[in-house]
Amino acid sequence: MNLSQRLHEIRTGFERPFWVANISELFERLSYYAAFASLARYLHETLNFQAEQASSLTGLFGGLVWFLAAFGGTLADRLGFRRSLSLAYLILSTSYFLIGSVGAAWLAPVRSAMPLGVLVAILLMLPALGIALVKPCVVGTTARASNENVRSIGYSIYYTLVNIGGAAGPYVASWVHQHMRVENVFRVAALSVFAMFFAVLIFFKEPRRGDEPTVTLGQAGKNFWTVLSNPRFMIFLLIFSGYWIVYWQEFIILPLYVHDYINPETDTELMLVTGPIVVILFTMVTSLLTQRIPAFRAIILGTLISGGAWLLLVAHPSVLIAYLTLIVVAIGELTQSPRYYEYVSRLAPPGQQGTYMGFAFLPIGIGSLLGGKIGGMLIHHFGEVMHRPERIWWTVADLGVATSVLLWAYDKVVMAQDRPSSE
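Nothing here was measured: the structure is a model prediction, and the numbers come from that model.

### Comments concerning the overall build of the protein chain
So, point 1. The secondary structure content of the protein chain amounts to 20 helices and zero strands.
So, point 2. In the protein chain, which comprises 423 residues, the proportion classed as buried is 53%.
So, point 3. Contacts in the protein chain between residues far apart in sequence, at least 24 positions, make up 84% of those at least 6 positions apart.
So, point 4. For the protein chain, the accessible surface area stands at approximately 18,300 Å², while carbon and sulfur atoms represent 67% of it.

Structure (structure tokens):
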């Protein structure tokens with residue numbers, strides 16, 4: 001097949017719902033990462049939460065979605081993708097607007113009716129309901145609205161747009177924060193996904209459904225139990241959660257650390273553009289360099305790289321080194337992330353790949369929830385009590401290295417008898 005034929009296949013191989021869904025996902029990621037980039041400082045500096053509580057709440061925002069995504073997929077199948085996407089974007093736009101309006105006068109009666117921490121926690125849970133619907137709809141549309149011969153390219157487009165949104169979000173947050181009050185970051189995020197609500201209603205047509213049966217809630221529960229009853233797999237997921245505890249600190253406590261202990265004038269939102277840009281630019285290069293490394297070794301290596309990156313801030317705490325740290329963390333992510341999903345797909349018994357891949361996201365949620373709590377304790381103890389903030393990063397790096405060691409031990413002890421043949 002020549003190049004012109006292949007280009008023709010690509011031009012004609014995607015139906016309109018594919019492009020509508022994936023472009024809407026770009027704006028969903030933009031809104032999410034804009035909110036995430038500003039959240040810790042918004043809670044700490046505008047709403048006057050202590051650093052420890054602000055970190056815990058930030059982790060809650062980042063973590064809950066990954067626990068709901070599997071059930072969101074079941075709901076999306078039953079409602080249909082068009083209704084699910086429009087509902088999701090309506091939920092998200094309302095949620096982000098409310099988060100940015102916590103301090104508004106019109107919410108004063110609600111603030112007086114309950115503790116502020118409870119109100120904020122409830123509002124931070126709401127976006128997870130929308131995102132849990134968006135993810136399976138966009139991935140499902142990519143499968144249904146692309147021809148078989150270009151489907152792999154469709155997933156590459158999806159992954160690229162997700163990372164473009166991940167890079168654009170902190171940039172937008174930076175611009176808004178520089179020109180307006182920080183709460184307006186959440187209002188801009190709300191407008192972004194509200195526009196997608198109308199885009200879906202106007203341009204999105206329900207993609208064709210194949211012959212696959214719709215999974216009921218009861219079947220989903222049985223599938224969940226199948227995975228939960230596999231102790232080796234669950235041990236692996238729990239160990240790997242350590243990677244995400246370490247990774248999420250770039251959103252949870254790094255902005256607070258840089259602002260409070262290095263330079264209060266630093267644009268911490270713009271700083272968080274670094275990782276997604278590295279991922280966009282170097283995904284192919286990293287894949288080529290690591291393709292001969294067995295999957296599990298790549299997971300261990302990537303975990304070690306991301307964990308050890310934080311030692312740079314111990315050696316020399318500065319804004320420049322913070323940027324360098326984020327670059328090295330992203331290199332670790334690139335090293336392990338594709339191989340992690342490859343490894344999990346090989347662990348899955350025949351006919352259970354979907355369920356196993358759904359559980360593959362569980363460490364991301366556990367890492368964010370625990371990372372928020374742990375990060376808050378670290379910045380309080382070493383920063384506010386001991387006044388030795390550099391020790392925060394010793395502990396974070398230790399967690400990364402310990403996770404690498406536990407993964408190595410798991411591979412050698414638990415999976416030694418029946419690891420995949422390529423290992």
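### Some thoughts on the confidence of the model for the protein chain
So, point 1. Scored by pLDDT, the protein chain comes out at a mean of 87, with 89% of its residues at no less than 70.
So, point 2. Taken element by element, the predicted model of the protein chain shows its lowest mean pLDDT in helix H18 (residues 353–359) (66) and its highest in helix H8 (residues 184–203) (97).
So, point 3. Counted against residues more than four places away or in other chains, residues 419–423, with its pLDDT under 50, gives 11 contacts.

### Considering the nonpolar core
Side chains of a nonpolar character, in soluble globular proteins, are inclined to be buried together.
So, point 1. Ranked by internal contacts, the top residues of the largest apolar core, which has 109 residues, are Tyr 96, Phe 236, Trp 248 and Trp 393.
So, point 2. Of all the elements, helix H2 (residues 16–46) adds the most residues to this core, at 12 residues.
So, point 3. Excluding residues within four positions of it along the chain, Trp 248 makes contact with Tyr 33, Phe 36, Trp 66, Ile 364, Gly 367 and Ser 368.
So, point 4. In this structure, Phe 14, Ala 145, Ile 157 and Leu 161 belong to the second largest nonpolar core, which totals seven residues.

### Examining the environment of Tyr 89
So, point 1. Among the secondary structure elements, Tyr 89 is positioned in helix H4 (residues 81–100).
So, point 2. On the basis of relative accessible area, Tyr 89 is assigned to the buried category, the value being 0%.
So, point 3. Placed 61 residues apart in sequence, Tyr 89 and Glu 28 show a C-alpha to C-alpha distance of 8.1 Å.
So, point 4. Once residues within four sequence positions are removed from consideration, Tyr 89 is found in contact with Ser 24, Glu 25, Glu 28, Val 134, Val 193, Met 196, Phe 197 and Val 200.

### Considering unusual backbone geometry
So, point 1. Non-glycine residue Asn 48 carries a positive phi angle of around 65°.
So, point 2. In this structure, Asn 48 sits in the loop between H2 and helix H3 (51–79).
So, point 3. Taking relative accessible area as the criterion, Asn 48 reaches 59% and is therefore assigned exposed.

### Describing the packing of H4 against helix H6 (residues 116–144)
So, point 1. At a closest axis distance of 8 Å, the pairing of H4 and H6 adopts a crossing angle of 150°. As judged from the angle between their axes, H4 and H6 are roughly antiparallel. Crossing of H4 against H6: the hand is left-handed.
So, point 2. Residue composition of the contact of H4 with H6, grouped by class: 21 nonpolar, five polar and one charged.

### Overview of the packing of helix H10 (residues 231–247) against helix H15 (residues 295–308)
So, point 1. Here H10 crosses H15 at 30°, and the two axes come no closer than 9 Å. The handedness of the crossing between H10 and H15 comes out as left-handed. Side by side, H10 and H15 meet where Phe 236, Phe 240, Tyr 243 and Val 246 of the first sit next to Phe 296, Ile 299, Gly 302, Thr 303, Ser 306 and Gly 307 of the second.
So, point 2. For the contact of H10 with H15, the residue count by class is six nonpolar, four polar and no charged.

### Section: the packing of aromatic side chains
Pairs of aromatic rings are described using the distance from one ring centre to the other and the angle between the two planes.
So, point 1. With the rule as written, the count across this model stands at 33 aromatic pairs.
So, point 2. On the numbers, 4.8 Å between centres and 10° between planes, the contact of Trp 310 with Trp 393 is stacked. Of this pair, Trp 310 sits in the loop between H15 and helix H16 (311–315) while Trp 393 sits in helix H20 (residues 391–414), placing them 83 residues apart in sequence. Taken as a pair, Trp 310 and Trp 393 share a single burial class, namely buried.

### Section: the environment of Leu 238
So, point 1. Tracing the chain through its elements places Leu 238 in helix H10.
So, point 2. The spatial distance from the C-alpha of Leu 238 to the C-alpha of Gly 367 is 9.2 Å, given a sequence separation of 129 residues.

### Here's the deal with a nonpolar patch on the surface
So, point 1. Taken together, the side chains of Ile 164, Ile 277, Ile 280, Leu 281, Phe 282, Val 285 and Leu 289 make up a nonpolar region of the molecular surface, amounting to roughly 630 Å² of accessible area.
So, point 2. Residue contributions to the nonpolar patch peak at six residues, all from helix H14 (residues 274–290).
So, point 3. Note on Ile 277: relative accessible area 37%, which makes it partly exposed.

### Here's the deal with the pattern of salt bridges
So, point 1. Counted according to the given criterion, the structure contains five salt bridges.
So, point 2. Across the pair Arg 41 and Glu 45 runs a salt bridge, and its minimum N-O distance is 2.8 Å. Here Arg 41 pairs with Glu 45, and both are found in helix H2, just four residues apart, close to one helical turn.

### Details of the side chain of Ser 31
So, point 1. In this structure, Ser 31 sits in helix H2.
So, point 2. In contact with Ser 31, other than residues within four places in its own chain, are Tyr 96, Ala 189, Ser 192 and Val 193.

### Describing H8
So, point 1. Compared with an ideal rise of 1.5 Å per residue, which puts 20 residues at 28 Å, H8 spans 28 Å between its outermost C-alpha atoms and is within 8% of the ideal.
So, point 2. For H8, the complete set of buried residues consists of Asn 184, Val 185, Phe 186, Ala 189, Ala 190, Ser 192, Val 193, Met 196, Phe 197, Ala 199 and Val 200.

### Describing the environment of Leu 26
So, point 1. Examined against the element boundaries, Leu 26 turns out to sit in helix H2.
So, point 2. Residue Leu 26 is classed as buried on the basis of its relative accessible area, which comes to 15%.
So, point 3. Once the C-alpha coordinates of Leu 26 and Val 162 are considered, the two residues, 136 residues apart in sequence, prove to be 5.5 Å apart.
So, point 4. Residue contacts for Leu 26: discarding those within four places in its chain leaves Leu 161, Ile 164 and Gly 165.

### A look at the side chain of Thr 303
So, point 1. Considering the arrangement of structural elements, one finds Thr 303 in helix H15.
So, point 2. Residue classification places Thr 303 among the buried residues on the basis of a relative accessible area of 1%.
So, point 3. When near neighbours in sequence (up to four residues on either side) are disregarded, Thr 303 contacts Phe 240, Tyr 243, Gln 336, Gly 400, Thr 403, Ser 404 and Leu 407.

About the criteria used
- Residues numbered from 1 in each chain as written.
- Predicted model: local features only at pLDDT ≥ 70, side-chain atom pairs only at ≥ 80, totals over all residues.
- Heavy atoms only, no water.
- Helix = DSSP H or I, 4+ residues; strand = E, 2+ residues; numbered from the N terminus.
- Buried < 20%, exposed > 50% of the residue type's maximum accessible area, 1.4 Å probe, protein only.
- Contact = heavy atoms within 4.5 Å.
- Areas by Shrake-Rupley, 256 points an atom, 1.4 Å probe, with all protein chains shown as cover.
- pLDDT = per-residue confidence, 0-100.
- Core = buried A, V, L, I, M, F, W, Y, C linked by side-chain atoms within 4.5 Å.
- Axes fitted to C-alpha atoms, helices over the stretch in contact; angles between N-to-C directions.
- Parallel < 35°, antiparallel > 145°, perpendicular 65-115°, else oblique.
- Left-handed = near helix turned anticlockwise from the far one by under 90°.
- Nonpolar A, V, L, I, M, F, W, Y, C, P; charged D, E, K, R; others polar.
- Phe/Tyr/Trp six-rings, centres within 6.5 Å; stacked < 30°, edge-to-face > 60°.
- Patch = residues over 30% accessible without salt bridge, like charges linked within 9 Å, V, L, I, M, F, W, Y side chains within 5 Å.
- Salt bridge = Lys/Arg side-chain N within 4 Å of Asp/Glu carboxyl O.
- Expected span 1.5 Å × (residues − 1).

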